[in-house]
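Results of the structural survey
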Amino acid sequence: MDAKTGFFYLFSAVLLFASFRVITARNPVYAALYLVLAFAQAAALWILLKAEFLAITLVLVYVGAVMVLFLFVVMMLDINVDSMRQGFWKHFPVAATLGAVIALEMAAVLMGGFRTTEEPKTVELAGQAAAQISNTKELGKVLYSQYVYPLEIAAVILLVAMIAAIALTLRQRKDSKYSSPSDQVRVKAGDRMTVLKMDATKAAPPAPAGSAADAVEGKKA
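Scope of this entry: the structure provided in the associated data block. (Residues numbered from 1 in each chain as written. Predicted model: local features only at pLDDT ≥ 70, side-chain atom pairs only at ≥ 80, totals over all residues. Heavy atoms only, no water.)

1. Focus: the overall build of the chain
Scanning the chain for helices and strands turns up eleven helices and zero strands. The order of α-helices and β-strands along the chain, N terminus first, is α-α-α-α-α-α-α-α-α-α-α. Here the chain, with 221 residues, has 12% of them falling under the buried criterion. Sequence separation of at least 24 residues holds for 61% of the intrachain contacts in the chain that already meet a minimum separation of 6. (Helix = DSSP H or I, 4+ residues; strand = E, 2+ residues; numbered from the N terminus. Buried < 20%, exposed > 50% of the residue type's maximum accessible area, 1.4 Å probe, protein only. Contact = heavy atoms within 4.5 Å.)

Here is the structure:
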């Protein structure tokens, strides 16, 4: 077994462990952190496959942006975990059935790809020509030509998710300092400051200097 195969098994083992902990962790913050670890291991596997652009994109987009958003949402929503677990066993049969169906569908797709007997066609290029090919450029051509509509749909879905996350964090809670923007626009100076009329008070006259000196001498005596 060479070093590349050893790294593959190492990253795969950590990825499976992190994925298992994502769905079994009791604390949602820990689950999100394990998901970050799973993304990092998946990026390492992409690097082993010489897909550097996909690996960097996975780290920058999902680990650097999406997961940070998830963590902020989970921590700011103050989710009551105990109330979420009350109906777990009630909905477990439906969830297990859906999981089994998805697993069978994925197995059917993967087994269909493994059954091919034809050898993949390879194009042998000279070393100088192969070095001029850019993975990022070729991927960009495919994304913005054949898959431009799915890419735009995914972008809209992510935008809606971000707006929903911000809206959830700004909901009215007892511990949040929320103020309505419409109320701030309609506010007037008279609503913020109240002028009170008070009677004038006269300050007490200061004591003469001689009386203070007599008091000090009386204390000494």
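2. Thoughts on the packing of aromatic side chains
In the structure shown here, the tally under the stated rule is four aromatic pairs. When the ring of F7 is compared with that of F11, the centres are 5.9 Å apart and the planes differ by 25 degrees; the resulting orientation is stacked. Placement of both F7 and F11 in helix α1 (residues 3-24) is noted, with a separation of four residues, approximately one turn of the helix. Ring geometry for F39 against Y62: centres 5.3 Å apart, planes inclined by 50 degrees, an arrangement best described as tilted. A residue pair is termed long-range when its members are at least 10 positions apart, and F39 in helix α2 (residues 28-48) and Y62 in helix α3 (residues 52-77) qualify at 23 residues. (Phe/Tyr/Trp six-rings, centres within 6.5 Å; stacked < 30°, edge-to-face > 60°.)

3. Some words on α1
Taking 1.5 Å as the rise per residue, α1 with 22 residues should run 32 Å; its terminal C-alpha atoms sit 32 Å apart, in good agreement. The inward-facing, buried residues of α1 abut α2. (Expected span 1.5 Å × (residues − 1).)

4. A closer look at the side chain of Q41
Locating Q41 in the fold gives a position in helix α2. For Q41, a relative accessible area of 12% translates into the label buried. The contact partners of Q41, leaving out residues within four places of it in the chain, are F11, V14 and L15.

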